[in-house]
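# Analysis of the macromolecular model
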Amino acid sequence: MALPRMIRVQQQFPRPVVGHVPRAVADALAAAGTAVKRGDTVAVGAGSRGIANIDVIVRATVDWLREVGARPFIFPAMGSHGGGTAEGQLSVLAHYGITEATMGCPVRATMDVVEVGEALGMPVWLDRMAAEADWIGLVNRVKPHTDFKGTIESGLFKMMTIGLGKWKGAIQYHRANVTHGYETVITSVGREMLDRARIGFGLGIVENAYDETARIEAFNAENLEAGERRLLKDARDWMMRLPFSPIDVLIVEQMGKNISGSGMDSNVIGRPTNPHEPFPNDPKILWIVALDLTDESYGNATGIGNADFTTRRLVDKIDMKATLINCITACTPNGAKVPATYDTDREAIETALSCIGLTPPERARVIRVRNTLRLGEVDVSEAYLDAVAARSDLTALGDRPLVFDTAGMLEG
């Protein structure tokens, strides 16, 4: 098959950056007006997402708490992730560099929860160890959610709901999302948690389009909701995007949980894993080819259902039990569906190109990306060349052809 000529293109996005992360954390916490005092125990919740500098940020939070005389410990605030076990969740934290040795404080995990309130006719659940502390501190990135659009999406409120609720809460709230909608559930449960639990502070992190720490702010319980809404606007303005729409074939070299909670960021590909709520169909992509699963996903291929074609090497890496736990907990079984599978990258890509209609493959609108987190440089087909030349935020860097090795695997 004749393949399209591909050109490497550099995109320019806004790039605010925090210069000294530990100092920014300390300054933010000092300015938050938290009620934490000397001698208080503070449960610091850390999640399961691949957040830039997360080990540095959590350690700086622990250091600040110790400096004010508090007694911090860290706990996993990640719902059903890590296989839904305390050991699995500790392993996830360790993978991000969060251990007792690196943090200088205890790291404690349990899947036990206690009831602390009620929202939307449901009990509100809280990690038992966190409930026994004098205060709870939340550390999480604020960003657009992969399953719904609102004024509060993925961040501190979601951590108070799904994260603090552990597996029991995650299952309950995801089912409630089908009935009430994500934003309603997250805000209702989050507000009840702020009223009933001892939330000492929330540390919100915003990243720029280059996966760098762009902003760090801390909030006390009173101003946490307004603060998160403001940070979400920044996160949405700064996020990476594909340069064009429509697209005939999007080639994604790797997907995975460390890239996005949905494997491939649905805000980038315009395909949500959640069928229960409206989601902007932008960009418009006819076919997606996913070639590989990151090792950091530990076999969790949540979101593979958003691809149309894939490879045997990706499918062979899938831990279907872990994938189904994640997808069924979220009431999104379609996220675990395995697409048409081919032995080689060449077969998968050429099959996708054969399904675009009457357009010859060499003239197809194709974009190739490393993953949906790395979009600073992407490869676009010759069909987009005039559009590239017309955009000041795009720079053509030279040819980068689709080349396959003798085994049919994509090179480069």
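The structure contained in this document is the topic of the report that follows. Here the structure is a predicted model, which is why all the values come from computation and not from measurement. (Residues numbered from 1 in each chain as written. Predicted model: local features only at pLDDT ≥ 70, side-chain atom pairs only at ≥ 80, totals over all residues. Heavy atoms only, no water.)

### A closer look at the overall build of the chain
Selection rule: Where helices and strands are cited, they refer to DSSP runs of H or I of at least four residues and of E of at least two residues respectively, numbered from the N terminus. Each radius of gyration reported is based on C-alpha atoms, and the globular scaling rule is 2.2 Å times the count of residues to the power 0.38. For the exposure calls, accessible area comes from a 1.4 Å probe over protein chains only, and a residue counts as buried if that area is under 20% of its type's maximum, exposed if over 50%, partly exposed in between. Only heavy atoms enter the contact rule, under which two residues are in contact if any of them lie within 4.5 Å. Exposure was quantified through the Shrake-Rupley algorithm and a 1.4 Å probe, taking into account, for residues, occlusion by the shown protein chains and nothing else. Under the convention used here, Asp and Glu are negative, Lys and Arg are positive, and both His and the chain ends fall outside the count. A single reference atom marks each charge: NZ on Lys, CZ on Arg, CG on Asp, CD on Glu.
Regarding its fold elements, the chain presents 14 helices and 15 strands. The globule rule puts the C-alpha radius of gyration for 412 residues at 22 Å, and the 22 Å found for the chain is close to it. Across the 412 residues of the chain, 60% fall into the buried class. Relative to all contacts within the chain whose residues are 6 or more apart in sequence, the contacts with residues 24 or more apart total 75%. When the accessible area of the chain is evaluated, it comes to approximately 16000 Å², of which 49% is carbon and sulfur surface. Between the mean site of the 44 positive side-chain charges and the mean site of the 51 negative ones, the chain shows a separation of 2 Å.

### Some remarks on the pairing of strand E1 (residues 6-11)
Our working rule: Strands qualify as paired when DSSP identifies two bridges or more between them.
Counted residue by residue, E1 has 5 buried out of 6 residues, so it is predominantly covered. Bridge analysis of E1 against strand E14 (residues 377-381) gives 5 bridges, and the strand direction is antiparallel. Bridging across to E14, Gln10 finds its partner in Glu377. As paired strands, E1 and strand E15 (residues 394-399) are joined by 5 bridges and run antiparallel to one another.

### A closer look at the pattern of salt bridges
Going by this rule: The rule for a salt bridge is simple: a side-chain nitrogen of Lys or Arg has to be within 4 Å of a carboxyl oxygen of Asp or Glu.
This model, assessed by the stated rule, comprises 30 salt bridges. For Arg8, the salt bridge is made with Glu377, and the minimal N-O distance between the two is 2.9 Å. Pair noted here: Arg8 is in strand E1 and Glu377 is in strand E14, with a separation of 369 residues, a long-range link. For Glu377, a relative accessible area of 37% translates into the label partly exposed. With a shortest N-O distance of 3.3 Å, Arg313 and Asp292 are connected by a salt bridge. Within this pair, whereas Arg313 is found in helix H11 (residues 312-316), its partner Asp292 is found in the loop between strand E10 (285-290) and strand E11 (309-311), the two being separated by 21 residues in sequence. Given a relative accessible area of 27%, Arg313 falls into the partly exposed group. In this structure Asp292 comes out as buried when scored by relative accessible area, which is 17%. Through salt bridges with shared partners, a single network forms among Asp292, Asp295, Arg313, Lys317 and Asp345.

### Regarding the environment of Phe201
By the secondary structure assignment, Phe201 is in strand E7 (residues 199-207). Each C-alpha atom of the pair Phe201 and Ala218 lies 6.7 Å from the other, and the pair is 17 residues apart in sequence. The contacts of Phe201, once residues within four sequence positions are left out, are Leu29, Thr34, Val42, Thr61, Leu65, Ile136, Gly137, Leu138 and Phe219.

### Quick word on the nonpolar core
Selection criterion: Note on terminology: a nonpolar core comprises buried Ala, Val, Leu, Ile, Met, Phe, Trp, Tyr and Cys residues joined through side-chain atoms within 4.5 Å.
Of all hydrophobic cores here, the largest spans 42 residues; its most connected members are Met160, Leu164 and Ile199. Those residues within four positions of Leu164 in sequence are excluded, and the remaining contacts are Phe75, Ala77, Val113, Trp125, Leu126, Asp127, Leu138, Met159, Met193 and Ile199. Judged by nonpolar contacts, the second largest core, of 36 residues, contains Val18, Ala46, Val62 and Ile98.

### A closer look at the sheet that holds E1
Which entries qualify depends on this criterion: Note on method: axes are straight lines fitted to C-alpha atoms, helices fitted across the in-contact stretch only, with angles between N-to-C directions ranging 0 to 180 degrees.
Read across the open sheet, the 8 strands follow the order E12-E11-E10-E9-E13-E14-E1-E15; overall the sheet is mixed. The two strands at the open ends of the sheet, each matched to only one other strand, are strand E12 (340-342) and E15. With strand direction ignored, the average angle separating the axes of adjacent strands in the sheet is 25°. The sheet contact formed by E10 and E11 spans 2 bridges and is parallel. Note that in E11 the partner of Ala290 across the bridge is Thr310. On the sheet, helix H13 (residues 345-353) packs against strand E9 (247-252), E10, E11, E12 and strand E13 (366-369) and is oriented at approximately 170° with respect to E11.

### Some points on the sheet that holds E7
Across the sheet, which stays open at both edges, the 5 strands sit in the order E3-E2-E6-E7-E8 with mixed pairing between neighbours. In the strand order of this sheet, the two ends are held by strand E3 (71-76) and strand E8 (213-219), each with one partner. The average angle at which neighbouring strand axes cross in this sheet is 20°, direction not considered. Looking at chain direction, E7 and E8 are connected through 6 bridges and run antiparallel.

### Some points on helix H12 (residues 320-329)
The cut-off we apply is this: Between N or O atoms, a polar contact is any pair within 3.5 Å; within protein, one atom must be a potential hydrogen donor and the other a potential acceptor, and residues adjacent in sequence are included only when both atoms are from side chains.
Three or more residues of H12 are buried, namely Thr323, Ile325, Asn326, Cys327 and Thr329. Each element contacted by the buried residues of H12 is listed here: helix H7 (166-180). Sitting at the head of H12, Asp319 places a side-chain oxygen 3.1 Å from the backbone nitrogen of Lys321. Phi for Cys331, located one or two positions after H12, is positive at around 55°.

### So, the side chain of Ser260
With respect to the element layout, Ser260 can be found in the loop between E9 and helix H10 (266-269). Contacts of Ser260, omitting those with residues within four sequence positions, involve Thr146 and Asp265.

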